[in-house]
Amino acid sequence: MSETEALKAKLLGEIETASDLDALEALRVAALGKAGSVTGLLKTLGGMTPEERQAEGPKIHSLREAVTAAIGARKAALEGAALDAKLAGERLDMTLPAAAAPRGSVHPVSQVMDELAEIFADMGFAVATGPEIEDDWRNFTALNIPETHPARAMHDTFYFPDTDAEGRAMLLRTHTSPVQIRTMMTQQPPIRIIAPGRVYRSDSDATHTPMFHQVEGLVIDRGIHMGHLKWTLETFLKAFFERDDIVLRLRPSYFPFTEPSAEVDVGYAHEKGRRIVGGNGDDDGHAWMELLGSGMVNRRVIANCGLDPDEWQGFAFGIGIDRLAMLKYGMDDLRAFFDGDLRWLAHYGFGALSVPTLSGGISA
Ligand code: PHE
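Rules used in this analysis
- Residues numbered from 1 in each chain as written.
- Predicted model: local features only at pLDDT ≥ 70, side-chain atom pairs only at ≥ 80, totals over all residues.
- Heavy atoms only, no water.
- Helix = DSSP H or I, 4+ residues; strand = E, 2+ residues; numbered from the N terminus.
- Areas by Shrake-Rupley, 256 points an atom, 1.4 Å probe, with all protein chains shown as cover.
- Lys, Arg positive; Asp, Glu negative; His and termini not counted.
- Charge placed at Lys NZ, Arg CZ, Asp CG, Glu CD.
- Polar contact = N/O pair within 3.5 Å; in protein donor to acceptor, adjacent residues only side chain to side chain.
- Contact = heavy atoms within 4.5 Å.
- Near = heavy atom within 4 Å.
- Buried < 20%, exposed > 50% of the residue type's maximum accessible area, 1.4 Å probe, protein only.
- Phe/Tyr/Trp six-rings, centres within 6.5 Å; stacked < 30°, edge-to-face > 60°.
- Pairing = 2+ DSSP bridges.
- Axes fitted to C-alpha atoms, helices over the stretch in contact; angles between N-to-C directions.
- Parallel < 35°, antiparallel > 145°, perpendicular 65-115°, else oblique.
- Nonpolar A, V, L, I, M, F, W, Y, C, P; charged D, E, K, R; others polar.

Trainee: Break down the overall build of the chain for me, citing the residues and quoting the values.
Mentor: Counting secondary structure elements, the chain contains eleven helices and eleven strands. Based on the C-alpha atoms only, the size of the chain along its principal axes is roughly 120 × 55 × 40 Å. Accessible surface computed for the chain: about 19,700 Å², of which carbon and sulfur atoms make up 55%. Averaged over its 36 positive side-chain charges, the chain has a centre that lies 4 Å from the centre of its 52 negative ones.

Written out as structure tokens, the structure is:
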């Protein structure tokens, strides 16, 4: 066997058994590098006679090609094996239980809004929305709140310095009632909507924050009367508080946009220092709590929206969502709702996947 053939057999054997990529690279440098054994053989060609070169040249070149090809093949095999090993190590067993509890939770206000939408959807109500930046015509005038009404005073309402293009004063809506106007001006009756959202008033203590949440309800149809209002509220509150012994008391009241108007109280009892909604407020140990404002939509409001009040009647109500959440889930300081304290959210928050449904449980 010639020197070239012996070297070829040795190198191919070593390459074939190289255990990893580092060992293979060392072999490549030792054979094909500047001072490598194959490179050394190639250099000897220069000192040969033309006849010798004709005989040895092809052998040495084929040695270099064979070594290069063998290194390439071994490299591909080693890299393939390394990738297989990596993939095997990274394999995830999707049947294992989650290692940690999921983070993040649904805020009680969002939860209650979802509960409201679910309960009212079952009664045929759609969810409507309106902007938080309103004009004073929709927030006040169209709702029959005259210029002199105390709600218009600067200390209640956040006004913007500029008017809109039509010269109307702009403000942060002080209630969700302007959504009544927006709905009646864009939809033909019959109308059945709830409108949950943020409202703003310049007010702040343990039970008042400058921003809070309301849900508006509006029904416009033919022949609607107070009985429909009372049944709707009773049905809603029974579903919301998940008990049948909800007793309502309607007290005559005044709102410019409803006539007649009623404030609605709900009976409650004290249990373990908490107010628990339910029962008759006149019984021993029970009392009444004011829950919401409501009434038959004032015919002037219906006319302001371009509808004929002789044909269309309806009722409306407005409820504080934060107050509903506090009552149902037992929080006592409204300000904590908007602190963004992760410990409070972890305690009072709801799982993102526990969507309220009437069949599965409203607050499950
Ligand atoms: N908008 C009233 C408020 O914020 C509540 C209300 C709504 C009353 C609809 C009657 C009818 O106090």
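Trainee: I'd love a proper account of the side chain of His107, names of residues and values included.
Mentor: Turning to its location among the elements, His107 is positioned in the loop between helix H4 (50-90) and helix H5 (108-122). In terms of polar contacts, His107 uses its side chain to reach the backbone amide nitrogen of Val109, at 3.0 Å. Engagement of the side chain of His107 in a polar contact is seen with the backbone oxygen of Phe337, the distance being 2.7 Å. When sequence neighbours within four positions are dropped, the list of residues in contact with His107 reads Phe337, Trp344 and Leu345.

Trainee: Before we move on, can you summarise the site of the ligand with the specific residues and values?
Mentor: Neighbouring the ligand are 14 residues, the closest being His175, Ser177, Arg201, Gln214 and Gly318. Within the side chain of Ser177, an N or O atom sits 3.0 Å from a nitrogen atom of the ligand. Between the ligand and Arg201, the relevant distance is 2.9 Å, taken from an oxygen atom to a side-chain nitrogen or oxygen of the residue. For the ligand, whose free accessible area comes to 330 Å², the fraction covered by protein is 89%.

Trainee: With reference to specific residues and values, describe unusual backbone geometry.
Mentor: The omega angle of the peptide bond from Pro189 to Pro190 is 0°, so this bond is cis rather than trans. With respect to the secondary-structure elements, Pro190 resides in the loop between helix H7 (178-186) and strand E5 (191-200). In this model, Asn144 sits at a positive phi of 65°, which is unusual for a non-glycine residue. Along the chain, Asn144 falls in the loop between helix H6 (136-139) and strand E3 (159-163). Although it is not a glycine, Glu242 sits at a positive phi angle of roughly 55°. Relative to the elements of secondary structure, Glu242 occurs in the loop between helix H8 (226-241) and strand E7 (248-255). Classification of Glu242 as partly exposed rests on a relative accessible area of 43%.

Trainee: I'd like to hear about the packing of aromatic side chains, residue by residue, with values.
Mentor: For any pair of aromatic rings, geometry is given as the distance between the ring centres together with the angle between the planes. Summed over the entire model, instances satisfying the criterion amount to eleven aromatic pairs. Ring geometry for Phe315 against Phe317: centres 6.4 Å apart, planes inclined by 25°, an arrangement best described as stacked. You'll find Phe315 and Phe317 in the same group, each marked buried. Between Phe337 and Phe338, the ring centres sit 6.0 Å apart and the planes meet at 55°, which makes this aromatic pair tilted.

Trainee: Quick one: what's the story with the environment of Val106, residue by residue and with numbers?
Mentor: Within the element layout of this structure, Val106 appears in the loop between H4 and H5. The spacing of Val106 and Glu52 is 54 residues in sequence and 86 Å in space, taken between C-alpha atoms. Non-local contacts of Val106, meaning those with residues more than four positions away in its chain, are made with Gln111, Gly349, Phe350, Gly351 and Ala352.

Trainee: Describe the sheet that holds strand E2 (residues 133-135), with residues and values.
Mentor: In spatial order, the strands read E2-E4-E3; together these three strands make up an open sheet with antiparallel pairing. Two strands close off the open sheet at either side, each with one partner strand: E2 and E3. Strand-to-strand twist across the sheet, computed as the mean angle between neighbouring axes with direction ignored, equals 30°. Of the strand pairs in this sheet, E2 and strand E4 (residues 169-172) are connected by three bridges, and their pairing is antiparallel. Looking at the pairing, Ile133 lines up with Leu172 of E4.

Trainee: Tell me what's going on with the packing of helix H1 (residues 3-17) against H4, and back it up with residues and numbers.
Mentor: For the pair H1 and H4, the least separation of the axes is 10 Å and the interaxial angle reads 5°. In terms of orientation, H1 lies roughly parallel with respect to H4. Across from Thr4, Leu7, Lys8, Leu11, Leu12, Ile15 and Glu16 in H1, the residues of H4 making contact are Glu56, Lys59, Ile60, Ser62, Leu63, Ala66, Val67, Ala70, Ile71 and Arg74. Looking at the contact of H1 with H4 residue by residue, the class counts come to ten nonpolar, two polar and five charged.

Trainee: So what about the pairing of E5? Which residues, and what values?
Mentor: With eight of its ten residues buried, E5 lies for the most part within the structure. In the sheet, strand E1 (residues 126-127) pairs with E5 via two bridges, with the strands oriented parallel. When the bridges of E5 are listed, Ala126 appears paired with Ile193. With ten bridges connecting them, E5 and strand E6 (residues 211-221) associate as antiparallel partners. Considered in E6, the bridge of Ile194 is made with Gly217.

Trainee: Account for the pairing of strand E10 (residues 286-297), naming residues and giving values.
Mentor: Across the twelve residues that make up E10, a large majority, nine, are buried. Here strand E8 (residues 258-271) pairs with E10 via ten bridges, running antiparallel. Bridging across to E10, Val266 finds its partner in Met289. As paired strands, E10 and strand E11 (residues 313-320) are joined by five bridges and run antiparallel to one another. Note that in E11 the partner of Gly293 across the bridge is Gly318.

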